[in-house]
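In case you want the letters, here they are:
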Amino acid sequence: MTPTIEPAIEKLPLAQYVPPARPSLAGLSRDALAAALGEAGVAPAQRRMRVAQLWHWIYVRGARSFADMTNVSKDLRAALEARFTLDRPEIVAEQVSADGTRKWLLRLPGETAGERPHEVECVYIPESDRGTLCVSSQVGCTLNCSFCHTGTQRLVRNLTAAEIVAQVLVARDRLGDYAGRERARGPGLPVEGERCVSNIVMMGMGEPLYNFDAVRDALLVVSDGDGLAISRRRITLSTSGVVPMIARAGAEIGVMLAVSLHAVRDDLRNELVPLNRKYPIAELLEACRNYPSVSNSRRITFEYVMLKDVNDSIADAKALLRLLKGIPAKINLIPFNPWPGTKYECSDWDRIEKFSEVVFNAGYASPVRTPRGRDILAACGQLKSATEKLSARERMSLRAMAMTD
Ligand code: SAH
Ligand code: SF4
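Residues numbered from 1 in each chain as written. Chains lettered and ligands numbered in written order. Predicted model: local features only at pLDDT ≥ 70, side-chain atom pairs only at ≥ 80, totals over all residues. Heavy atoms only, no water.

Is there a simple way to explain the pattern of salt bridges in this structure?
When the charged atoms of two side chains with opposite charge come close together, those side chains can pair. Summed over all chains, the structure comprises 26 salt bridges. The residue arginine 64 makes a salt bridge to aspartate 173 at a minimum N-O spacing of 3.2 Å. Linking arginine 64 in the loop between helix H2 (44-60) and helix H3 (74-83) with aspartate 173 in helix H4 (residues 161-175), this pair joins segments that are 109 residues apart in sequence. By relative accessible area, which is 44% here, arginine 64 ends up partly exposed. Among the residues examined, aspartate 173 registers a relative accessible area of 17% and is labelled buried. Two residues, arginine 216 and aspartate 213, come together in a salt bridge whose shortest N-O distance is 3.6 Å. Residue arginine 216 and its partner aspartate 213 are both found in helix H5 (residues 212-222); the two are separated by three residues, about one turn of the helix. (Salt bridge = Lys/Arg side-chain N within 4 Å of Asp/Glu carboxyl O. Helix = DSSP H or I, 4+ residues; strand = E, 2+ residues; numbered from the N terminus. Buried < 20%, exposed > 50% of the residue type's maximum accessible area, 1.4 Å probe, protein only.)

Have a look at this one:
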């Protein structure tokens with residue numbers, strides 16, 4: 001089947017970018033909303049009630065304009081309108097893959113006035129029993145894992161909590177995922193009634209535990225039962241192993257943890273995930289053992305990217321089992337997604353199957369994460385805001401790769 005690459009929204013030239021004139025309330029926490037209401041002249045005693053109203057309009061109804069907020073007084077609506085917006089980050093490109101995966105490229109203001117805008121991506125992956133949104137925590141990443149495309153990006157900044165939450169709002173806007181809205185149509189989307197976005201994974205661009213406060217605040221907004229209401233058990237934070245922050249993530253955020261292990265020996269992991277030099281495997285696994293509420297029903301996911309002749313031997317699989325002994329774990333084998341200029345190749349399929357069999361026979365569920373959205377460069381580790389820099393030929397060759405395996 002020929003893939004349909006459907007550029008629903010065409011990229012705008014950079015020169016057209018106009019930074020927002022007024023700050024947006026979309027994505028803010030309750031405290032930040034209360035402060036905004038204070039600026040708009042709402043008396044302290046009134047703020048709690050007003051926050052609850054805004055919260056409902058923004059996160060349950062997906063309101064885009066203050067005029068929609070019919071139970072808020074006209075005067076307050078005008079005061080809010082004068083100072084704020086409900087704008088989301090500008091969508092500069094939207095792509096829909098043949099398998100239903102959708103990728104949005106979002107433009108965010110630079111940190112200082114006059115600086116060029118930043119871009120991040122977020123990806124929606126529909127499956128039969130869930131719809132997962134892969135959210136970014138940083139523009140780029142400081143960590144340079146040798147197999148990851150995001151790590152090659154020069155520009156890096158932390159996203160604010162609101163910018164992290166806004167990715168969820170953008171996805172729901174585009175999918176029509178609010179009560180009463182017209183649903184987007186396309187391959188794999190859930191039928192009417194079910195939620196399109198049921199799960200969140202912090203597996204987009206960036207290392208979430210290097211932007212801890214913003215990620216925590218954002219995930220508390222996303223999991224709030226009166227708003228977006230995505231339960232913490234359906235949110236997974238993936239880290240390359242920032243050991244000192246793992247306990248805090250458990251205590252202060254309480255979401256599911258995924259750890260990018262990728263190697264069973266320190267010498268190899270030092271090369272693949274250079275952060276390992278600071279926090280070696282033994283310390284990382286100790287932090288996993290102590291992760292709050294880890295149990296058989298709340299297992300830690302260990303991600304393991306399959307790199308041909310690098311980490312994919314049967315001996316590696318057995319060593320992996322020895323390492324994880326005693327930790328309630330799931331093992332997620334990820335076929336390597338190649339990108340232009342990488343020195344790695346994806347393991348052969350029969351090697352992945354053998355590896356997976358060893359893991360499975362030891363009693364672990366070992367799903368092989370099927371690469372999704374390869375034709376739009378949306379698969380793990382391929383997120384890079386500079387994708388527009390790829391030549392047409394590179395883009396075609398990536399799509400061809402996606403089609404042939
Ligand atoms: N920085 C965090 C989260 C973002 S990366 C982390 O490293 O865990 C999300 C997952 O994609 C990680 O497991 C990462 O190792 C994996 N990944 C990165 N590049 C990849 C590639 N080219 N192919 C397959 N998986 C990749
Ligand atoms: Fe950063 Fe994760 Fe990529 Fe490593 S794998 S460079 S930590 S985004």
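It is not clear to me how unusual backbone geometry should be interpreted in this structure. Could you clarify?
For residues that are not glycine, phi is negative in most cases, and the peptide bond is trans in most cases. Even without a glycine there, the phi angle at serine 293 is positive, about 65°. For serine 293, the location among the structural elements is in the loop between helix H8 (281-289) and strand S11 (300-306). Unusually for a residue other than glycine, aspartate 309 sits at a positive phi of about 60°. Looking at where aspartate 309 falls in the secondary structure, it is placed in the loop between S11 and helix H9 (314-324). Exposure remark for aspartate 309: the relative accessible area of 62% places this residue in the exposed category.

Help me out: how do you make sense of the confidence of the model for the protein in this one?
When pLDDT drops low, the exact placement of atoms in the prediction is not to be read closely. For the protein, the average pLDDT comes to 86, and 85% of its residues sit at 70 or higher. Scored below 50 in pLDDT, residues 1-7 makes 16 contacts in the model with residues more than four places away or belonging to other chains. (pLDDT = per-residue confidence, 0-100. Contact = heavy atoms within 4.5 Å.)

Looking at this structure, how should I read the nonpolar core?
One recurring pattern in soluble globular proteins is that nonpolar side chains are buried together. In this structure, Leu25, Trp104, Leu133, Phe147, Ile200 and Phe302 are the most contacted members of the largest nonpolar core, which totals 115 residues. Aside from chain neighbours lying at most four places away, what touches phenylalanine 147 is His262, Leu272, Val273, Val305, Leu307, Phe336, Trp339 and Tyr344. (Core = buried A, V, L, I, M, F, W, Y, C linked by side-chain atoms within 4.5 Å.)

Even after reading the chapter, I still don't get the side chain of glutamine 53, so can you show me in this structure?
Looking at the element boundaries, glutamine 53 is found in helix H2. Assessed through its relative accessible area of 14%, glutamine 53 is described here as buried. A polar side-chain atom of glutamine 53 sits 2.9 Å from a polar atom in the side chain of arginine 50. Apart from residues lying up to four places away in sequence, glutamine 53 is in contact with Asn71 and Val72. (Polar contact = N/O pair within 3.5 Å; in protein donor to acceptor, adjacent residues only side chain to side chain.)

Teacher, can you tell me more about the site of ligand 1 here?
The environment of ligand 1 is formed by 21 residues, the closest being Gly206, Ser238, Ser260, His262 and Asn337. Serine 238 places a side-chain nitrogen or oxygen 2.7 Å from an oxygen atom of ligand 1. Contact distances for ligand 1 include 2.9 Å between an oxygen atom and a side-chain N or O atom of glutamate 303. Calculation on ligand 1 without its partners gives an accessible area of 530 Å², and the protein chains cover 95% of this total. In the shell around ligand 1, the residues fall into 10 nonpolar, nine polar and two charged. (Near = heavy atom within 4 Å. Areas by Shrake-Rupley, 256 points an atom, 1.4 Å probe, with all protein chains shown as cover. Nonpolar A, V, L, I, M, F, W, Y, C, P; charged D, E, K, R; others polar.)

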